[in-house]
Amino acid sequence: MHVVKTIESVRRSVAGARRKGGTVALVPTMGSLHAGHASLMAAAVRRYDYTVVSIFVNPTQFGPQEDMDDYPRPFESDCALCHELGVDLVFAPTAQQMYTQESSTWVQVVGLTDVLCGRSRPDHFRGVTTVCTKLFNIVAPDVAFFGQKDAQQALVIKRMVRDLNMPLAIEVCPTIREPDGLAISSRNQYLDPEQRREAARLYQTLQTCQIQIAQGRRSAAALIASMRDELQQIPRAKIDYVSIVDGETLIPVEEVRGRLLIALAVQIGPARLIDNILVDLGPS
Ligand code: AMP
């Protein structure tokens, strides 16, 4: 496995793999790698000839008051995990390598980014789509892997790739969870033991909603109200949003039918946690 920091080195390595006729996969990450990332990397390694993992805490997707400086950066153990999983190349650029001082171009998906996380993180998705475009241009992969954990991000990236005719496929892998259901996230390590216990209630809330839907409850407003009630019982939780939206357009629904995303964002102590489930009730 090679670890490189410059764009030229990535291009050289990927060109070498291409000359041998290999397919190329990219797994974009911000590092602090865990079992969620590992599932994407393992899928890429299994199905493609040459896997590139990017590790880059992208400044343009953090708001001014967010956790950019505190974001964990355990680079050595990240590289060890990549090596263990059979990753071919780790691309770990500096911010200066990715953004020149004169950098003034943004890639922005409108509409899909105004809702859910886009409401409280106004420039976040513009940063994500811009850095992913850059990574796609640098690596030129056949496929890039994303996690369902960040459902809105995956949809936004898919829309961007489709709208701009980018020549790659997007694969979305299932959310990997802790044994108590908490979606694994680099930000979980911000939680103290009490907050960590409380955090498991996010997924339980989503599961309760799923059960209520299976029992025939169809009013989105009633389901949201009952999820909010459940979340409000977590002592230090601050709800950012609880939404039931169309699984493709992210438009809020009134009645539960078709393919839906049930998504929430909750601040617990220092960590803003997001989670979601997809519910498919068949053709609407
Ligand atoms: P991040 O390093 O947080 O930017 O995440 C990099 C990629 O890993 C994104 O596509 C995430 O959706 C994905 N990811 C993060 N956590 C999980 C998880 N628990 N299960 C599956 N994918 C995940």
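Everything numeric in this text was worked out from a predicted model, so none of it was measured.

**Regarding the packing of helix H8 (residues 193–214) against helix H9 (residues 220–232)**
When two helices pack together, their arrangement is given by the angle between the helix axes and the distance between those axes. Where H8 contacts H9, the axes come no closer than 10 Å and their chain directions differ by 150°. Taken as axis vectors, H8 and H9 run roughly antiparallel relative to one another. Here H8 and H9 pass one another in a crossing that is right-handed. Here Arg201, Leu202, Gln204, Thr205, Leu206, Thr208, Cys209, Gln212 and Ile213 of H8 lie close against H9, whose contacting residues are Leu223, Ser226, Met227, Glu230 and Leu231. Residues of the contact of H8 with H9, tallied by class, amount to seven nonpolar, five polar and two charged.

**Notes on the sheet that holds strand E9 (residues 271–280)**
The strands making up a sheet associate through hydrogen bonds between their backbones, and the pairing can be parallel or antiparallel. Read from one edge to the other, the open sheet built from three strands follows the order E7-E8-E9, with strand pairing classed as antiparallel. Every interior strand has two partners, whereas the edge strands, strand E7 (237–246) and E9, have only one. Between one strand and the next, the sheet's axes are offset by a mean angle of 10°, whatever the strand orientation. Pairing analysis gives nine bridges linking E7 to strand E8 (residues 259–268), with the strands arranged antiparallel. Note on E8: the bridge partner recorded for Tyr241 is Ala265. Across the face of the sheet, H8 comes into contact with E7, E8 and E9 while running at roughly 20° to E9.

**Remarks on the packing of aromatic side chains**
A complete count under the given rule lists three aromatic pairs for this structure. Both rings, one in Tyr48 and one in Phe145, keep their centres 6.0 Å apart while their planes meet at 75°; by these two values the pair is edge-to-face. With Tyr48 in the loop between helix H2 (35–47) and strand E3 (50–55) and Phe145 in strand E5 (residues 143–147), this residue pair connects regions lying 97 residues apart in the sequence. Of the two residues, Tyr48 and Phe145, both sit in the buried class.

**Observations regarding the pattern of salt bridges**
In the structure shown here, the tally under the stated rule is 13 salt bridges. Here Glu194 makes a salt bridge to Arg236, at a shortest N to O gap of 4.0 Å. Highlighted residues: Glu194 in helix H8 and Arg236 in the loop between H9 and E7, separated in sequence by 42 residues. Exposure remark for Arg236: the relative accessible area of 43% places this residue in the partly exposed category. One salt bridge connects Arg257 with Glu255, and the closest N-O pair in it is separated by 3.7 Å. Each of the salt bridges in this network shares a partner with another, and the network as a whole consists of Glu194, Arg197, Glu198 and Arg236.

**A few points about the domain arrangement of the protein**
How big an interface is tends to be stated in terms of accessible area lost as the parts join. Per the domain assignment, the segments of the protein are domain 1 (2–173) and domain 2 (186–277). Relative placement of domain 1 and domain 2: their C-alpha centres are 26 Å apart. In this complex, domain 1 contributes 22 residues to the contact, which on the side of domain 2 involves 16 residues. Approximately 1600 Å² of surface area, both sides summed, lies buried where domain 1 meets domain 2, with 55% of it carried by carbon and sulfur atoms. Sorting the residues of domain 1 by area buried against domain 2 places Leu116, Lys149 and Leu155 first, and these three jointly supply 33% of that buried surface. Counting across the domain 1 and domain 2 interface gives one salt bridge. In this structure, Arg187 and Asp67 form a salt bridge, with 2.7 Å as the shortest nitrogen-oxygen distance. Here domain 1 is connected to domain 2 by nine residue pairs in polar contact (both at pLDDT 80 or more). When residues of the side of domain 1 that touches domain 2 are assigned to their parent elements, the largest contribution, four residues, is made by helix H7 (residues 151–163).

So, how was this worked out
- Residues numbered from 1 in each chain as written.
- Predicted model: local features only at pLDDT ≥ 70, side-chain atom pairs only at ≥ 80, totals over all residues.
- Heavy atoms only, no water.
- Axes fitted to C-alpha atoms, helices over the stretch in contact; angles between N-to-C directions.
- Helix = DSSP H or I, 4+ residues; strand = E, 2+ residues; numbered from the N terminus.
- Parallel < 35°, antiparallel > 145°, perpendicular 65-115°, else oblique.
- Left-handed = near helix turned anticlockwise from the far one by under 90°.
- Contact = heavy atoms within 4.5 Å.
- Nonpolar A, V, L, I, M, F, W, Y, C, P; charged D, E, K, R; others polar.
- Pairing = 2+ DSSP bridges.
- Phe/Tyr/Trp six-rings, centres within 6.5 Å; stacked < 30°, edge-to-face > 60°.
- Buried < 20%, exposed > 50% of the residue type's maximum accessible area, 1.4 Å probe, protein only.
- Salt bridge = Lys/Arg side-chain N within 4 Å of Asp/Glu carboxyl O.
- Domains from an automatic or database assignment.
- Buried area = accessible area lost by both parts, 1.4 Å probe.
- Polar contact = N/O pair within 3.5 Å; in protein donor to acceptor, adjacent residues only side chain to side chain.

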